[in-house]
Structures are given as C-alpha cells and as structure tokens.
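Residues per chain are reported as follows:
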Amino acid sequence: MKNKILAIAATAGTAILGSSVFSAPAQALTQTQDVTINYTVPEILYLRTFQTVNMTLDTALLGATLTPQGTGGFVGKDYDPTSPTVNIDTAGNADATLDQTSPFGNLAAIQQNIPELYAVWSNSTGNVDVNLSSTPLTEAGGQTIGVNSITPTVDNFAAPGLDTPEVGGADLDLDLTGATVMGTYTGTITVDVSTP
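These notes cover the structure that comes with them. Along every chain, residues carry numbers that run from 1 in the direction the sequence is written. Two thresholds apply to this predicted model, a pLDDT of at least 70 for residue-level local features and 80 or more for giving and counting side-chain atom pairs, whereas whole-chain, interface and lining totals are computed over all residues. Excluding hydrogens and water, the side-chain values take into account all heavy atoms of the structure.

Within the protein chain, the secondary structure is distributed over one helix and 10 strands. Only DSSP runs of H or I with at least four residues qualify as helices, and only runs of E with at least two residues qualify as strands; both kinds are numbered from the N terminus onward. The helix and strand sequence of the protein chain, counted from the amino end, reads α-β-β-β-β-β-β-β-β-β-β. When each of the 196 residues of the protein chain is scored for burial, the buried share is 18%. Here, residues are in contact when the closest pair of their heavy atoms is within 4.5 Å. Within the protein chain, contacts between residues at least 6 apart in sequence are counted, and of these 75% link residues at least 24 apart. Roughly 14800 Å² of accessible area belongs to the protein chain as shown, and the carbon and sulfur atoms make up 55% of that amount. Whether a residue is buried, partly exposed or exposed follows from its accessible area with a 1.4 Å probe, protein chains only, as a fraction of its type maximum: under 20%, in between, or over 50%, in that order. For the area figures, the Shrake-Rupley method with a 1.4 Å probe applies, and any residue is considered shielded solely by the protein chains shown.

Now the structure itself:
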C-alpha cells in the first residue's frame, strides 16, 4: 500500500511538473492608430485705441518767439519788421504803417502728430488697411479748427498675428485760422481697420 501511494504521488508530481514546463505564458497585445484632428482658428481682427486724446498746441509750431507767462499763457513782442521807425509830420501824417502780417506763420497748415493712436491684432492671411477720418474741432463758443487731413503713420501692413500688435499713430494737418479764441476744441477721430 505504501508503494501505491508513492507511485501515485510520483505520477502526480510528473504531471504537475510537465504542465508547468510545457504551458506557454499569456502574451500582451498592442496596436496603434493615428487620428486626424482638425482645429479651426477663425479670422480675428482686434482694434485697441485710446478713448480720449488730450493735446496742447506746441507754440513753437506758430513760428513766433513766445515766452510762458502766468498759468498756461504765452506772451511775445517784436518791432515792425519793415518800418521800425515812423516819422509823423506836423499835420499828423505818418510815413509808415504797421505791418499787419501775422507773426504766426501759416496758421492754415499746422502739423501735429499723435505718436500712438491704434494697436491692431489680426491673423488674416492678407494685409490690414487703416483709414482715419476726423470731424472739425469745435470750441464751446462755436469757433472751429479745421482738419485738412489726417493720415495713419502705419498702414497696409501684414497681419501681425494675435500676440504682438502693429501700433500706429496719426499725422494731422490743422487749420487754425478759425480758432480766434483760446479754449478747448473738441472733435472725433474715427479709426477704421479692415482686412481683405
């Protein structure tokens, strides 16, 4: 009986050993596949400007020598450029009259510059066009400063993208002949930017 048990144990041991030697381990399976992604970025055009531009006439543009006086005022003087001396006879007749030519140069074409007026972001595939227009500048009493022209300093430029903008200003040609009183003259500049 003892020999039978040993024989059965030996047979079972061989069967277990044989099973562990000849059975293959499970293999991990893998597979890859590329997936197309379509991510659409629409055309974007973004404009930033100042809400208000406050400017003061640079008196040097007037062409006359002026000296500051008081609070924001200026004074000037000269002798008559054509007849610094006048002779008056006994009958009261003068041999010269004062020259009435303005000492302030060409008031009809005063050149002013706004260094920065607009910043533009755009991811367009074409160029960006800038157009500026302006109303006359009017003082509370009705006096006006005419705007002969207003020109963008940066125009028709390649779209800069959405990170760093293209920045431009404006050159103004102003007519001050109608500005016969001091004060603040107010108008509106319209900035128009467009892409094709």
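Attention shifts here to the sheet that holds strand β1 (residues 45-49). Sheet strands associate in pairs through backbone hydrogen bonding, adopting either a parallel or an antiparallel arrangement. Taken together, five strands build an open sheet; the order of strands is β1-β4-β9-β7-β6 and the sheet is antiparallel. Each having just a single partner strand, β1 and β6 (137-138) make up the two edges of the open sheet. The sheet contact formed by strand β4 (residues 110-122) and strand β9 (residues 161-175) spans nine bridges and is antiparallel. Considered in β9, the bridge of Y118 is made with G168. Note on pairing: two strands pair once DSSP finds at least 2 bridges between them.

The next thing to look at is the pairing of β4. Within a regular beta strand, the side chains point alternately toward one face of the sheet and then the other, so they alternate between its two faces. Taken together, the five bridges between β1 and β4 define a ladder with antiparallel strand orientation. Across the sheet, the residue bridging to T49 is Y118, located in β4.

What follows covers the sheet that holds strand β8 (residues 157-158). Strand order in the open sheet made by the three strands is β8-β5-β10, with antiparallel pairing throughout. Edge positions in the sheet fall to β8 and β10 (189-194), since each of these pairs with one other strand and no more.

Ranked by size, the top nonpolar core spans 21 residues in total, and within it L117, Y118, L132 and A170 carry the most contacts. At the level of secondary structure, the elements contributing two or more residues to this core comprise β4, β5 (127-134), β7 (144-152), β9 and β10. The dominant element in this core, judged by the number of residues it contributes, is β4, at five residues. By convention a nonpolar core is built from buried Ala, Val, Leu, Ile, Met, Phe, Trp, Tyr and Cys residues, the set being connected through side-chain atoms within 4.5 Å.

A few words on the side chain of T59. Looking at the secondary structure, you find T59 in the loop between β1 and β2 (67-69). Beyond its immediate sequence surroundings of up to four residues, T59 is in contact with A64, L66 and F74.

To continue, consider the side chain of D80. Locating D80 in the fold gives a position in the loop between β3 (73-75) and β4. Positive residues here are Lys and Arg, negative ones are Asp and Glu, while His and the chain termini are left out of the count. Salt bridges are identified by distance alone: a Lys or Arg side-chain nitrogen within 4 Å of an Asp or Glu carboxyl oxygen. Buried and without a salt bridge, D80 has K77 as its closest oppositely charged side chain, separated by 16 Å. Engagement of the side chain of D80 in a polar contact is seen with the side chain of T82, the distance being 2.8 Å. Pairs of N or O atoms are called polar contacts if they sit within 3.5 Å, as long as, within protein, a hydrogen donor faces a hydrogen acceptor (for residues adjacent in sequence, only side-chain-to-side-chain pairs). In terms of polar contacts, D80 uses its side chain to reach the backbone amide nitrogen of D99, at 2.5 Å. Beyond its immediate sequence surroundings of up to four residues, D80 is in contact with T97, L98 and D99.

Of note in this structure, N156 is not a glycine but carries a positive phi near 50°. On the secondary structure map, N156 appears in the loop between β7 and β8.

In summary, the pairing rule links any two rings of Phe, Tyr or Trp, Trp by its six-membered ring, whose centres are within 6.5 Å, and it sorts them by plane angle into stacked for under 30 degrees, edge-to-face for over 60 and tilted for everything else. Across all of its chains, the model carries one aromatic pair by this definition. Each ring, one from Y46 and one from W121, has its centre 5.8 Å from the other, and the planes form 75°; the classification is edge-to-face. With Y46 in strand β1 and W121 in strand β4, this pair connects stretches of sequence that are 75 residues apart. For Y46, a relative accessible area of 46% translates into the label partly exposed.

Further remarks concern the environment of P196. With respect to the helices and strands, the residue P196 is situated in the segment after β10. Given a relative accessible area of 78%, P196 falls into the exposed group. In sequence terms P196 and T125 are 71 residues apart; their C-alpha atoms lie 8.6 Å from each other. Those residues within four positions of P196 in sequence are excluded, and the remaining contacts are S124, G126 and N127.

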